[in-house]
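# Fold and contact review
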Amino acid sequence: MKMGYEKVIALVEEIGAIMKDFAKGNIPLSVAEEAYERLSGECERLESDLENPFSPHLVQGILYHHNVKNCCIHSGLYVRNNNSIHPMCAIGEAQIAKKISEVLTKQKISENSTVYRIGGEIMQFPSHTLYAVKIGTDARSPIFGALTSSTHFAEEVFLYTAHFLSILLKIEVGTVQHYNYFSEIKKQVSEFLGENLSLNRDINIAVFIFRNIEKIFSHMGFRILLDVAATIKKTIQDSFGTNTLCVYPSLRLFVAFTPLLPHREEEIRKKKIEFYYQGLAIPFQRINLPLRIVDAKERIWYDIFHFEDYVCRGDVHR
């Protein structure tokens, strides 16, 4: 029996073949519709595993999901190594990944969030367009690329996928490639705390756990999960004010760091807050962790993750 990743490759290749045959007029509409129904069922059976945030093939799942939802024959993450670009992770034919690597090596894709459109004729895909966007601002940041010939391709979905990848993980590229999203968050928090503690301000740390968020929204796709996360963060930011730093190490863990100005301690700690997405209430658990000027900062993340573990094991209900 094929492993999940091999099943994805086989499915994407079959989808690509059907799309090509229909585009060239080699098969009638009725045959294409029958193939669509069959392949759609196979996609749905695989999606539940690939959209699982704890799946060992999470990045492959995101790229596969983009291929299916945005009518692409190839989606991939590409990284620069010395003077050339190579595929780090891709869903589609290996030969296409090789050609895309060659094209991207010759392009100067330097601006974060700017979408580059490259004609497919230079890759011997004259009816296709290669879309590429840099994820992150670092010189070594990866490039998200997708190849499509469909008029149903949505640049908005492409950017949502790129943005989801950028907030889900921070990629450091070296001899060994690894994901280091949390280290960037930890650095950001450390700088924020250092600035405020140096001004003799105590900090209130509000920890929010959304332990069922994947169960509630994951069937709706990555775009909705991203939108839910943005909605939660905005609700926290609007409630606590612009001087608050809000971060989310994962989609179920959000942390708000708020400097305690004179006479506002109780107001901040007891501030009521509720979360909704399109009218649907999102259940959560919350705890406040005070950080005094004289306290050590080393235990912050230990306490936060200890509370998350305590909640997610089912010991706390709201």
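Here is what the cut-offs are and how they apply
- Residues numbered from 1 in each chain as written.
- Predicted model: local features only at pLDDT ≥ 70, side-chain atom pairs only at ≥ 80, totals over all residues.
- Heavy atoms only, no water.
- Helix = DSSP H or I, 4+ residues; strand = E, 2+ residues; numbered from the N terminus.
- Buried < 20%, exposed > 50% of the residue type's maximum accessible area, 1.4 Å probe, protein only.
- Contact = heavy atoms within 4.5 Å.
- Areas by Shrake-Rupley, 256 points an atom, 1.4 Å probe, with all protein chains shown as cover.
- Polar contact = N/O pair within 3.5 Å; in protein donor to acceptor, adjacent residues only side chain to side chain.
- Phe/Tyr/Trp six-rings, centres within 6.5 Å; stacked < 30°, edge-to-face > 60°.
- Pairing = 2+ DSSP bridges.
- Axes fitted to C-alpha atoms, helices over the stretch in contact; angles between N-to-C directions.
- Disulfide = S-S within 2.5 Å.
- Core = buried A, V, L, I, M, F, W, Y, C linked by side-chain atoms within 4.5 Å.
- Salt bridge = Lys/Arg side-chain N within 4 Å of Asp/Glu carboxyl O.

So, on to the overall build of the chain. Each helix and strand in the chain was counted, giving ten helices and 13 strands. Counting all 318 residues of the chain, 45% fall into the buried class. Of the contacts made within the chain by residues no fewer than 6 positions apart, 60% connect residues no fewer than 24 positions apart. Accessible surface, the chain: about 17000 Å² in total, of which carbon and sulfur atoms supply 52%.

All right, on to the side chain of Ser75 then. Mapping Ser75 onto the fold places it in strand S1 (residues 74-81). Among the polar contacts made by the side chain of Ser75, one reaches the side chain of His66 at a distance of 2.9 Å.

Below, the discussion takes up the packing of aromatic side chains. Taken as a whole and judged by the stated rule, the model has 13 aromatic pairs. Ring centres of Phe208 and Phe275 lie 5.6 Å apart, and the angle between their planes is 80 degrees; on these two criteria the pair is classed as edge-to-face. You can see Phe208 sitting in strand S8 (residues 202-209) and its partner Phe275 sitting in the loop between helix H9 (265-269) and strand S11 (276-277), a full 67 residues away along the chain. Residues Phe208 and Phe275 agree in their burial class; the two are buried. Consider the rings of Phe210 and Phe254, whose centres lie 5.5 Å apart with planes at 80 degrees: the pair is edge-to-face. Here the residue Phe210 occupies a position in the loop between S8 and helix H7 (213-217), and Phe254 occupies one in strand S10 (residues 253-260), the gap between them amounting to 44 residues. Taken together, the ring pairs in this structure connect Phe208, Phe210, Phe240, Tyr248, Phe254, Phe275 and Phe284 into an aromatic cluster.

Among all residues except glycine, the phi angle is most often negative; among peptide bonds, the trans geometry is most common. In this structure, Cys71 is a non-glycine residue whose phi angle is positive, near 55 degrees. Tracing the backbone shows Cys71 in the loop between helix H3 (58-69) and S1. Overall, Cys71 belongs to the partly exposed group, its relative accessible area being 22%. At Gln278, a residue that is not glycine, the phi angle is positive and equals roughly 50 degrees. Among the structural elements, Gln278 can be located in the loop between S11 and strand S12 (280-281).

Strand order in the open sheet formed by four strands is S9-S10-S8-S13, with antiparallel pairing between adjacent strands. The open sheet has two edge strands, strand S9 (245-250) and strand S13 (285-291), and neither has a second partner. On average, each strand axis in the sheet is tilted by 20 degrees relative to the strand beside it, whichever way the strands run. Relative to S10, S9 runs antiparallel, the two being bridged by four bridges. Across the sheet, the residue bridging to Cys246 is Ala256, located in S10.

Looking at the secondary structure, you find Phe240 in helix H8 (residues 222-240). Separated by 19 residues in the primary sequence, Phe240 and Pro259 have C-alpha atoms spaced 10.0 Å apart.

Moving on: the state of the cysteines. Scanning all chains against the criterion turns up zero disulfides. Looking at the unpaired Cys71, the closest cysteine sulfur is the one in Cys72, lying at 7.2 Å. Cys72 sits in the buried class, given a relative accessible area of 4%.

Membership of the largest hydrophobic core comes to 44 residues, with the highest contact counts inside it found for Phe144, Phe208, Phe210, Ile232, Ile236, Phe254 and Phe275. Core analysis: the next-biggest nonpolar cluster, separate from the first, contains 21 residues, Ile185, Val207, Phe257 and Leu291 among them.

Quick look at the pattern of salt bridges now. Evaluated as defined, the whole model comprises two salt bridges. Two residues, Arg117 and Glu155, come together in a salt bridge whose shortest N-O distance is 2.9 Å. Of this pair, Arg117 sits in strand S3 (residues 116-119) while Glu155 sits in helix H5 (residues 155-168), placing them 38 residues apart in sequence. The class of Arg117 is exposed, set by a relative accessible area of 51%.

These figures capture arrangement, not role.
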